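# Report on the structure
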Amino acid sequence: MMRRLVLAALLLAPLLPPGPASAQTQGNWVPARVAELQALDKVTARISVLEAPLDEVVRFGTLEIRVSACHRRPPDDPPDSAAWLEVRDTRPGATEVPFRGWMFAASPGLNMLEHPVYDLRVLACR
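Since we're looking at a predicted model, the values are computed, not measured. (Residues numbered from 1 in each chain as written. Predicted model: local features only at pLDDT ≥ 70, side-chain atom pairs only at ≥ 80, totals over all residues. Heavy atoms only, no water.)

## A short note on the sheet that holds strand β2 (residues 34-41)
In spatial order, the strands read β3-β2-β8; together these 3 strands make up an open sheet with antiparallel pairing. Whereas interior strands pair on both sides, the edge strands pair on one side only; in this sheet they are β3 (46-53) and β8 (118-125). When strand polarity is set aside, the average angle formed by the axes of neighbouring strands in this sheet is 25°. The pairing of β2 with β3 spans 8 bridges and is classified as antiparallel. Directly across from Glu36, in β3, lies its bridge partner Glu51. (Pairing = 2+ DSSP bridges. Helix = DSSP H or I, 4+ residues; strand = E, 2+ residues; numbered from the N terminus. Axes fitted to C-alpha atoms, helices over the stretch in contact; angles between N-to-C directions.)

## Digging into the state of the cysteines
Tallying each qualifying case throughout the model produces 1 disulfide. What pairs with Cys70 in a disulfide is Cys125, and their sulfur atoms sit 1.8 Å apart. Linking Cys70 and Cys125, the disulfide has an S-S dihedral of approximately -85° and is accordingly described as left-handed. Here the residue Cys70 occupies a position in strand β5 (residues 63-72), and Cys125 occupies one in strand β8, the gap between them amounting to 55 residues. Of the two residues, Cys70 and Cys125, neither departs from the other in class, the shared state being buried. (Disulfide = S-S within 2.5 Å. Buried < 20%, exposed > 50% of the residue type's maximum accessible area, 1.4 Å probe, protein only.)

Set out below in structure tokens:
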């Protein structure tokens, strides 16, 4: 699993902006101000679509989600969006950050949140 993530990061690194706070167009990625996320509660099977403006905390269950960057492909390129997310779990006793990194709309399994109760994916950047 880790080997696959490292390989994906090496292949995709030239295509993405240098860091989560970048607001410049680089390559064929266009910056956006709002990430559209799909959240799943695995216990209740409840699916919610969340709008997450950049640098604001959005809550879903016990998760706090902050999007630091969101980029999309222009209309003449194959559709895709990428968002830099930091997800915290506010449950009592939860100490580590369950996810920090890029998520891709076209490849949700590439880099995903691993959580026993919730699932999260990027749908689009607007």
